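# Topology and contacts: notes
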Amino acid sequence: MNLDVVLAAAREQRLYPALILYGANLDVRQNSAIELARTMLCERSPDLRPCGDQDPCRHCERIGWPTEHFHPDFHVLERDLRTATSTGATKNFLSNAYSAPFEARGQVFVIAEAESLSGGAADSLLKLLEEPPQQSPRYFMLLAASRLDLLTTLRSRSLSVYLGPNDALDEAEISQVAEAFGQAIEGFVSDSAAIHLLTAADALAQTKGWKDPRNRKPWAIAAAAIAHYLEGAELDVSTRRALLATAEALLDAPRMRVRGITHNRILEGLLARHLTQPIA
Ligand SMILES: [Zn+2]
């Protein structure tokens, strides 16, 4: 399913209520969500939707990414500083769907980083999809770099829209890092010697882009490399869990970097913390 097909369906108002917009990069995902939301709520005749930047209708004019725009029937949930989009924040966000639209013929809800939805958060969304509380249409858009990062329950109840190849991360680089990292981890699994964790940290550090402390990309590549390694690895449950937790922590690590700790220290610290602590 591609965006043009979905836009055509949205013009005709025969769109599936839950969409996953995945691939491409963050800007493309956000812009696609805005274009779709405008098409869904635009008040011009169907073939003119969305009516565009010149002389827009009262809905299209105000639908845009939050902080610069506000429309009472267009809602965006962005991830805060935590690793996951929490159940509480999601429930609060979705509570808008239990009342009638303010101005438009329906409501649109966008979850900006759907891969971070916690299990409980996903459940409240699924409940809403299964038992819609209102007559007027409600559309839910889940944005993610890869649809595989979303919970299976969400994937099976949403229409997936592919926006193009993910240009944010280099697949070849990820598999290269994953291979070196995997060798080190397998060494650690066989003899528990701490030296292997230093080698594993070195493997994650071999990407470029660490100089700029605010650059999130090398962290994302390191996390993706761990995930890539886990896909094919045969590991016991606790090691697998520890590595998943490490990958998750890496995505939050740029904040420690800003506090002046070097990336090598952070990588070593995270691996040691997750892999050498006794399992509770
Ligand atoms: Zn319009």
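Summarised in this report is the structure supplied together with it. (Residues numbered from 1 in each chain as written. Predicted model: local features only at pLDDT ≥ 70, side-chain atom pairs only at ≥ 80, totals over all residues. Heavy atoms only, no water.)

### Considerations on helix α3 (residues 87-94)
Here α3 has its buried residues at T90, F93 and L94. Buried residues of α3, seen end-on, are gathered within an arc of 90° and therefore sit on one face of the element. Seen from the open side of α3, the exposed residues pointing more than 90 degrees away from its buried face are K91 and N92. Looking at the packing, one finds that the buried side of α3 touches β2 (74-77), β3 (107-111), α4 (119-130) and β4 (138-144). (Buried < 20%, exposed > 50% of the residue type's maximum accessible area, 1.4 Å probe, protein only. Helix = DSSP H or I, 4+ residues; strand = E, 2+ residues; numbered from the N terminus. Arc of directions from axis to C-beta. Contact = heavy atoms within 4.5 Å.)

### So, the pattern of salt bridges
Under the defined criterion, the tally for this structure stands at four salt bridges. In this structure, E103 and R58 form a salt bridge, with 3.9 Å as the shortest nitrogen-oxygen distance. With E103 in the loop between α3 and β3 and R58 in the loop between α2 (26-41) and β2, this residue pair connects regions lying 45 residues apart in the sequence. Given the relative accessible area of 41%, R58 is considered partly exposed. The closest approach of N and O atoms between R62 and E103, which form a salt bridge, is 2.6 Å. Highlighted residues: R62 in the loop between α2 and β2 and E103 in the loop between α3 and β3, separated in sequence by 41 residues. Classification of R62 as partly exposed rests on a relative accessible area of 26%. (Salt bridge = Lys/Arg side-chain N within 4 Å of Asp/Glu carboxyl O.)

### Some points on the packing of helix α1 (residues 3-11) against α2
The contact between α1 and α2 brings their axes to 8 Å, and the two run at 20°. Between α1 and α2, the interaxial angle falls into the category roughly parallel. As α1 packs across α2, the resulting crossing turns out to be right-handed. Here L3, V6, L7, A10 and R11 of α1 lie close against α2, whose contacting residues are S32, E35, L36, T39 and M40. Residues belonging to the contact of α1 with α2 are distributed by class as follows: six nonpolar, two polar and two charged. (Axes fitted to C-alpha atoms, helices over the stretch in contact; angles between N-to-C directions. Parallel < 35°, antiparallel > 145°, perpendicular 65-115°, else oblique. Left-handed = near helix turned anticlockwise from the far one by under 90°. Nonpolar A, V, L, I, M, F, W, Y, C, P; charged D, E, K, R; others polar.)

### A short note on the packing of α3 against α4
Closest axis-to-axis distance for the α3/α4 pair is 7 Å, and the angle between their directions is 25°. Overall, the two elements α3 and α4 adopt an arrangement that is roughly parallel. Crossing hand, α3 versus α4: right-handed. Along its contact with α3, which presents T87, T90, K91 and L94, the element α4 presents G120, A121, S124, L125 and L128. Of the residues that constitute the contact of α3 with α4, the class distribution is four nonpolar, four polar and one charged.

### A short note on unusual backbone geometry
For the peptide bond that leads from R49 to P50, omega is -10°, which places it in the cis range. A positive phi angle, close to 50°, is found at D55, a residue other than glycine. By the element assignment, D55 lies in the loop between α2 and β2. Looking at D55, the relative accessible area reads 61%, which means it is exposed. Positive phi, close to 60°, is recorded for S192, a residue that is not glycine. When you line up the elements, S192 lands in the loop between α6 (171-191) and α7 (195-205).

### Quick look at the sheet that holds β4
The strand order across the open sheet built from five strands is β2-β3-β4-β1-β5, with neighbouring strands paired in parallel fashion. Edge positions in the sheet fall to β2 and β5 (159-162), since each of these pairs with one other strand and no more. Strand after strand, the sheet turns through a mean of 20° between neighbouring axes, direction not considered. As defined by bridge partners, strand β1 (residues 18-22) adjoins β4 across five bridges and the pair is classed as parallel. Paired with I20 across the bridge in β4 is L142. Relative to β2, α3 is tilted by about 180°, and along the sheet it contacts β2, β3 and β4. (Pairing = 2+ DSSP bridges.)

### Examining the pairing of β2
Side-chain alternation along β2 places F74 and V76 on one buried face and H75 and L77 on a second face that is also buried. Pairing geometry for β2 and β3, over four bridges, is parallel. Following the sheet pairing, V76 is matched in β3 by V110.

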